[in-house]
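# Breakdown of the fold
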Amino acid sequence: MTAEQLKNTGSVALPLALLAGASLWLLSNLTAPQETTSPAGGGIAADATIEAPELVTIPPRSFEYRDPARYIENELPQVSPLVHARVETELKVAKNLVTNKEYRACVVDGHCAPAITIKSPIDNHPVVGINYEMAASYAEWLSAKTGENWRLPSALEWAQFAGEKYEDPDKDIQSDPSNPAVAWLSEYRSKSKSESDAPRQSLRPAGLFGPNNFGVNDVAANVWVWTSTCYERINMDATGSQSRATSCGARVVEGEHRTYLSVFISNPQGGGCTVGDPPDHLGIRLVKGAEQPSLWSLLGRLWPFG
Amino acid sequence: MVTRRQTIFGALGTAAALTAVANLSPQALAADNVDEMPRKKVKLAPPPFVHEHEQVASGPPQVVEFEMTIQEKVWEVDDEGTVTHAMTYDGSVPGPMMVVHEGDYVELTLINPESNELLHNIDFHASTGALGGGALTEVAPGEQCVLRFKATRPGTYVYHCAPGGSMIPWHVVSGMSGTIMILPRDGLKDEKGNPLRYDRVFNIGENDFYIPRDENGEYKTYETVSESFSDQIETMRGLIPTHVVFNGKKGALTGENALKAKVGETVLFVHSQANRDTRPHLIGGHGDYVWEAGSFNNVPDRDLETWFIRGGSAGAALYTFLQPGVYAYVNHNLIEAVELGATAHVLVDGEWNDDLMKQVKAPGPISK
């Protein structure tokens, strides 16, 4: 190995160790969400007959959380940092996934596009065949109908209510600064392993997969849900300078594993990459109340190389 | 002549450096070498034409730099005003052809402008590793990347977009494919090793389009590329294309756009199809030397009437025109050629050769 190479390896190896989880960064100062009411509903009339979903309140909690942004350092993809998130506010989340019956009311009202499914939907099954636009439209419609602020969770909030069902998506991912294939292979092996334990493809009535420790039903079962978190890539060069690109044409989808999907996909045939496993079904889970400050602004402040 | 080995060592210079080289991994060796190699920037030419290039490399291997900007655009596929949202490399269907020599390094800057809607990448069948480079080239709107790969196998090879899941076939049948031609350093050869040269290259990309129809059978249009996705996937799953065309559009290579050649000229037809099998045929001519599967390491087939291009490959056919006239170059599934659009014309000027063919008696009444 030449001196030049050693130098390069050294400069990559230290941050890599940090990125891979040797260091946990404390995320604090997450401020309380402000309750906002009645976001603009685009002319949808409030309707007392539309019932708000049953809620579960998730207490403030601390948990390990994998940053969903993709990191590239010195032109090489890196494992995203594992952060220690301490969320100091409660989160109100719907106990159940949105069902076919609930979603149909929005379709009948002319606000939501019909779900794209082959089978005829059963009322009490979770609605699937949903792209991001449909999910966001439904939240908008429900907010207008109930006069409350319903929205899609961020990826961080999903982890907050998923509790023990949240599995670090990059737990077993290894990486090697000089060999990108190490990460690809370990990611594939890790996802194949988790896929073999995954629930069956066939849908079941909402709630039948049971609650998690917080009482939220069907978390990380066979319906994946859209989050509001956009695709983001963070590039760092050897001088430590950093640039980021955000593309909201793709969003984080959370479930039994995490992936990114283009917002117009309702029935994925492949995962985040050519060889990944696709989510089984795409549906909707809503949270209530205003969103907390973005993780990125906090990370930006804590980023050791920035 | 400077060999490749000499070039590598020459670049490092001293005997001390030679010792160090012995301990390097092959990748490290190549990487060090590439930084010292000569570089050339090439301006790509839109199909059916090909940028200027040498058939025989006059120097040692070099790094050849290309740049392509991805353009999503409304695209007419026939002469009846049927439109789709095409996804293109550098604005054309197929993308421009890149030509390098074996041993060169291809260095592509791939730009996905902010104005695009979708994430794209590039999978080079000619390259080795990372899903053909696809895993290293995913660019979201507003991003660009640079990929370098070594051209180790001479031949004609497809490149195409492959951004994951249903995006892969959708992007490919929306026009995102092209060809790279990697020439042997000493040029093309026949089965005996004699040199073969061409006067011009035609870059022909064949595409199958799947345009959804409404309940009245009319082709549907969509405001944005993403809105067309669900319907298009459904049409694609039927596996029956609505259009099979050369260079993106029925009529792209006929009429005023017909290809041109002269008697005595040798033409290399490079034909790519990134998705579906096809079978080019030159009506009234032949394939004198045909690298059907594209690899120039194989001996070319001689005097073929029709040659087979496997979906996901590019092949090359060399032909010297012997007679003047209007030639039709078709996909010899004649339904696809005539009804769906896969026809090109070649206008060839020159002197007629009576020995090869003569009208002994023109059509007239039966004289018994």
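Small disclaimer: the values here were computed from a predicted structure and weren't measured.

Turning to the overall build of chain A, a few remarks are in order. The helix and strand inventory of chain A stands at 6 helices and 13 strands. Scored against the burial criterion, the 306 residues of chain A give a buried share of 48%. For chain A, contacts bridging at least 24 residues in sequence account for 73% of all contacts bridging at least 6. Total accessible area computed for chain A in this model is approximately 13600 Å², and 53% of it derives from carbon and sulfur atoms.

Our focus in this paragraph is the overall build of chain B. Looking only at helices and strands, chain B features 6 helices and 21 strands. Taking 2.2 N^0.38 as the reference for a compact globule, 368 residues should give roughly 21 Å; the C-alpha atoms of chain B span a radius of gyration of 23 Å, in line with that estimate. Counting all 368 residues of chain B, 55% fall into the buried class. Of all intrachain contacts in chain B linking residues separated by at least 6 positions in sequence, the fraction that spans at least 24 positions is 74%. Here chain B has roughly 16700 Å² of accessible surface; of this, 51% comes from carbon and sulfur atoms. Computed over 29 positive and 48 negative side-chain charges, the inter-centroid distance for chain B is 7 Å.

Here the focus is the UniProt feature "domain: Plastocyanin-like" (unreviewed entry) in chain B. Residues and elements named next belong to chain B. Residues annotated in UniProt with the feature "domain: Plastocyanin-like" (unreviewed entry) correspond here to residues 79-185 and 204-352. End-to-end, the C-alpha atoms of residues 79-185 are 42 Å apart, and along that stretch the chain is 7% helix and 39% strand. In residues 204-352, helix accounts for 10% and strand for 38%; the two terminal C-alpha atoms are 27 Å from one another.

With that out of the way, let us pick up helix H4 (residues 155-162) of chain A. For H4(A), the tally of buried residues reaches 8 of 8 residues, placing the bulk of the element in the interior. Those residues of H4(A) that sit buried are A:Ala155, A:Leu156, A:Glu157, A:Trp158, A:Ala159, A:Gln160, A:Phe161 and A:Ala162.

Bringing the sheet that holds strand S4 (residues 98-101) of chain B into the picture now. All names here are of chain B. Taken together, the 4 strands give an open sheet; going across it, the order is S4-S9-S8-S6, and neighbouring strands pair in mixed fashion. Bordering the open sheet on either side are S4 and strand S6 (123-124), each of which pairs with just one other strand. Bridging between strand S8 (residues 155-160) and strand S9 (residues 177-183) involves 6 bridges; their strand directions are antiparallel. Looking at S9, one finds that Thr 156 is bridged to Met 181.

As a further point, take the packing of helix H2 (residues 100-108) of chain A against helix H3 (residues 132-146) of chain A. All names here are of chain A. With their axes 10 Å apart at the nearest point, H2 and H3 run at an angle of 80 degrees to one another. Our classification of the angle between H2 and H3 gives roughly perpendicular. Seen from H2, the contacting residues are Glu 102, Tyr 103, Ala 105 and Cys 106; seen from H3, they are Met 134, Tyr 138 and Trp 141. Here the contact of H2 with H3 is built from residues that sort into 6 nonpolar, no polar and 1 charged.

All names here are of chain B. Cis geometry is adopted by the peptide bond preceding Pro 48, which originates at Pro 47 and carries an omega value of 10 degrees. Cis peptide bonds are those with omega within 30 degrees of zero, and the linkage from Val 93 to Pro 94 qualifies with 0 degrees. Tracing the sequence through the fold places Pro 94 in the loop between strand S3 (83-89) and S4.

Now for the packing of aromatic side chains. How two aromatic rings sit relative to each other is given by the distance of their centres and the angle of their planes. Inspection of every chain in the model, using the stated rule, returns 21 aromatic pairs over all chains. With a centroid separation of 5.2 Å and 65 degrees between ring planes, the pair formed by A:Phe264 and B:Phe229 is classed as edge-to-face. A residue pair is termed interchain when its members come from two chains, as with A:Phe264 in the loop between strand S11 (259-262) and strand S12 (281-283) and B:Phe229 in helix H5 (residues 229-237). As far as the burial class goes, A:Phe264 and B:Phe229 line up, both buried. Three or more aromatic residues joined by ring pairs make a cluster, and in this case those are B:Phe202, B:Phe246, B:Phe269, B:Tyr319, B:Phe321, B:Tyr327 and B:Tyr329. If you follow A:Arg204 out to its NZ or CZ, it ends over the ring of A:Phe209, 4.7 Å from the centre.

A few words now on the side chain of B:Ser272. Residue and element names in this part refer to chain B. Position of Ser 272 relative to the elements: it lies in strand S15 (residues 266-273). Within polar-contact distance, the side chain of Ser 272 engages the side chain of Thr 179 at 3.3 Å. Setting aside its immediate chain neighbours within four residues, Ser 272 contacts Val 158, Thr 179, Ile 204, Gly 205, Glu 206, Ser 313 and Ala 314.

Quantified by volume, the second largest pocket comes out at close to 910 Å³. Forming the walls of the second largest pocket are 31 residues, and the residues nearest its centre are A:Ile116, A:Thr117, A:Ile118, A:Lys119 and A:Asn267. Elements with a contribution of two residues or more to the lining of the second largest pocket: S12 of chain A together with H5 of chain B. With 6 residues, the single largest contributor to the lining of the second largest pocket is H5(B). Of the residues that constitute the lining of the second largest pocket, the class distribution is 13 nonpolar, 13 polar and 5 charged.

On to the nonpolar core, then. If you look at the biggest cluster of nonpolar residues, it comprises 63 residues, and the most contacted ones within it are A:Tyr138, A:Ile284, B:Trp170 and B:Ile180. Setting aside residues no more than four positions away along its own chain, A:Tyr138 makes contact with A:Val98, A:Glu102, A:Tyr103, A:Cys106, A:Cys112, A:Ile284 and A:Leu286. Counting residues in each nonpolar core, the second largest holds 29 residues, with A:Tyr231, A:Val252, A:Val287 and B:Ala140 among its members.

Residue and element names in this part refer to chain B. Chain-level pLDDT for chain B is 91 on average; 91% of the residues reach the 70-or-more range. Per-residue pLDDT stays below 50 along residues 1-29; that stretch engages in 23 contacts with residues further than four places along the chain or on separate chains. Across the interfaces of the predicted complex, the ipTM metric reaches 0.77, alongside a pTM of 0.83.

This brings us to the sheet that holds strand S12 (residues 200-209) of chain B. All names here are of chain B. Strand order in this open sheet of 6 strands is S13-S12-S15-S19-S17-S18, and the pairing throughout is mixed. Strands with a single pairing partner mark the edges of an open sheet, and in this sheet they are strand S13 (243-246) and strand S18 (301-304). Each strand of the sheet is rotated relative to its neighbour by a mean of 25 degrees, with strand direction disregarded. Judged from the 3 bridges that link them, strand S17 (residues 287-291) and S18 form a sheet pairing that is antiparallel. Bridged to Val 290 within S18 is Asp 301.

Moving on to the state of the cysteines. Residues and elements named next belong to chain A. With the rule as written, the count across this model stands at 2 disulfides over all chains. Across the disulfide, Cys 106 is cross-linked to Cys 112 (sulfur-sulfur distance 2.0 Å). Its S-S torsion of about 75 degrees marks the bond between Cys 106 and Cys 112 as right-handed, since a negative value means left-handed. Given the relative accessible area of 0%, Cys 106 is considered buried. When its relative accessible area of 6% is taken as the criterion, Cys 112 is described as buried. Shown here is the disulfide that connects Cys 230 with Cys 248, its sulfur atoms set 1.9 Å apart. Between Cys 230 and Cys 248, the disulfide has an S-S torsion of 100 degrees and is therefore right-handed.

What counts and what doesn't
Residues numbered from 1 in each chain as written. Chains lettered and ligands numbered in written order. Predicted model: local features only at pLDDT ≥ 70, side-chain atom pairs only at ≥ 80, totals over all residues. Heavy atoms only, no water. Helix = DSSP H or I, 4+ residues; strand = E, 2+ residues; numbered from the N terminus. Buried < 20%, exposed > 50% of the residue type's maximum accessible area, 1.4 Å probe, protein only. Contact = heavy atoms within 4.5 Å. Areas by Shrake-Rupley, 256 points an atom, 1.4 Å probe, with all protein chains shown as cover. Rg over C-alpha atoms; globule rule 2.2 N^0.38 Å. Lys, Arg positive; Asp, Glu negative; His and termini not counted. Charge placed at Lys NZ, Arg CZ, Asp CG, Glu CD. UniProt positions renumbered as here; feature names shortened; annotations may be inferred. Pairing = 2+ DSSP bridges. Axes fitted to C-alpha atoms, helices over the stretch in contact; angles between N-to-C directions. Parallel < 35°, antiparallel > 145°, perpendicular 65-115°, else oblique. Nonpolar A, V, L, I, M, F, W, Y, C, P; charged D, E, K, R; others polar. Phe/Tyr/Trp six-rings, centres within 6.5 Å; stacked < 30°, edge-to-face > 60°. Lys NZ or Arg CZ within 6 Å of the ring centre and 35° of its normal. Polar contact = N/O pair within 3.5 Å; in protein donor to acceptor, adjacent residues only side chain to side chain. 1 Å grid on protein atoms, 1.4 Å probe; cavity = no way out; pocket = protein on both sides within 12 Å on 5 of 7 lines; lining within 4 Å. Points joined across faces, edges and corners; volume = space filled by probe spheres on them. Core = buried A, V, L, I, M, F, W, Y, C linked by side-chain atoms within 4.5 Å. pLDDT = per-residue confidence, 0-100. Disulfide = S-S within 2.5 Å.

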